[in-house]
Amino acid sequence: MSETAPPDARTGPDELAALKAVALAGGLHETKVSCAALGEDLDASAQTASRRLQRLEEAGLIDREVVGDGQWVSVTEAGESRLRGEYADYRRLFEEESDLTLAGVVTSGMGEGRHYITLEGYMEQFRTRLGYEPFPGTLNVELEEASVRRRGELVGIEAIDIDEWADEDRTYGAATCYGVTVITESNADGDEANDADANDADADDAAEREYGGAHVIVPDRTHHDDSQLEVIAPVKLRDELDLVDGETVRLRVEPTSRADERAPEADR
Ligand SMILES: Cc1cc2nc3c(=O)[nH]c(=O)nc-3n(C[C@H](O)[C@H](O)[C@H](O)COP(=O)(O)O)c2cc1C
Ligand SMILES: Nc1ccn([C@@H]2O[C@H](COP(=O)(O)OP(=O)(O)O)[C@@H](O)[C@H]2O)c(=O)n1
Ligand SMILES: [Mg+2]
């Protein structure tokens, strides 16, 4: 290891876990820890815990004072910034993916959406996996250029698969459903548009123009190209949000999982 390495370069994941445990025990201020208790937290022996604290001290990530029945430990500024670095990584990991918002204008399509949505082979999957029976049709959104480029990011987002199926005559293609909140232009000014009362009948005018709990449906087989997205929902979105052709909507994508595989407390 290079001698010019930063002071905490000798600390690896084990020391980082110890630093986190100390911080959780109150070490961002000052806390008294025993190596036995810390060892238990870390699933290691007291000796190992002691060694890790020593390394953290040598790396300048904690200050400590050993007393008779344990030691007073506080996380240093450098230690806190190391933890903040980890925190930022996790935020990027879990928050960026829900930041995907695609925008486009409402358009009329070929009038085929209704036919496909109402086929029982799809409908029974919508009921169990999405947890609702969609309004018969798809709201078509012609994406603006920047969103056409970003739509590829959909693949990284947790979504609900609809399986292919067949009747006597033919096979019907699979599709993928991404959870979205549909936000209309007038409500988009607030940017986050994160109104908890979005679907509330009592909410004010602007809040009524946002609808959560819809899905973008991407069929494996489609006549549309990449610039077009189709949205399904339990309600007719044109009525619910007062939409007409040419109006801009934003689709805020939210990771979602199958209704029939969700833990009861995760149910929305
Ligand atoms: C759930 C679903 C399944 C579909 N499956 C097929 C299919 O198997 N074969 C096919 O040619 N198109 C399929 N399509 C796509 C339609 O042909 C068409 O691209 C689109 O839904 C037409 O929408 P529009 O009438 O709103 O313009 C499917 C569409 C949906 C919504
Ligand atoms: N959840 C939904 C689904 C469709 N729709 C609309 O319902 C009508 C029937 O959908 P469709 O997919 O068969 O028709 P087009 O999209 O081809 O025009 C269209 O006007 C859609 O825009 C809606 O308002 N809300
Ligand atoms: Mg449609």
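Here is what the cut-offs are and how they apply
Residues numbered from 1 in each chain as written. Chains lettered and ligands numbered in written order. Predicted model: local features only at pLDDT ≥ 70, side-chain atom pairs only at ≥ 80, totals over all residues. Heavy atoms only, no water. UniProt positions renumbered as here; feature names shortened; annotations may be inferred. Pairing = 2+ DSSP bridges. Helix = DSSP H or I, 4+ residues; strand = E, 2+ residues; numbered from the N terminus. Axes fitted to C-alpha atoms, helices over the stretch in contact; angles between N-to-C directions. Parallel < 35°, antiparallel > 145°, perpendicular 65-115°, else oblique. Contact = heavy atoms within 4.5 Å. Nonpolar A, V, L, I, M, F, W, Y, C, P; charged D, E, K, R; others polar. Buried < 20%, exposed > 50% of the residue type's maximum accessible area, 1.4 Å probe, protein only.

Under the annotation held in an unreviewed UniProt entry, the protein carries the name Riboflavin kinase and is attributed to Halopenitus salinus. According to the UniProt record, the Function (unreviewed entry) comment for the protein is "Catalyzes the CTP-dependent phosphorylation of riboflavin (vitamin B2) to form flavin mononucleotide (FMN)."

In this section: the pairing of strand 4 (residues 101–107). As judged from the 5 bridges shared by strand 4 and strand 12 (residues 248–254), these two strands associate in the antiparallel manner. When the sheet's bridge partners are listed, A103 is paired in strand 12 with R250. Both strand 4 and strand 5 (residues 139–143) contribute to a ladder of 4 bridges, which runs antiparallel. For T107, the partnering residue across the bridge sits in strand 5 and is N140.

This part covers the packing of helix 1 (residues 13–27) against helix 3 (residues 46–58). At their nearest, the axes of helix 1 and helix 3 sit 9 Å apart, and the two run at 90° to each other. The angle between helix 1 and helix 3 falls in the class roughly perpendicular. Residues D14, E15, A18, L19 and V22 of helix 1 form the contact with helix 3, whose participating residues are R52, L53, R55 and L56. Counted by class, the contact of helix 1 with helix 3 contains 5 nonpolar, no polar and 4 charged residues.

Here we come to the environment of T256. On the secondary structure map, T256 appears in the segment after strand 12. Residue T256 is classed as buried on the basis of its relative accessible area, which comes to 6%. C-alpha separation for the pair T256 and E158, spaced 98 residues apart in sequence, amounts to 5.7 Å.

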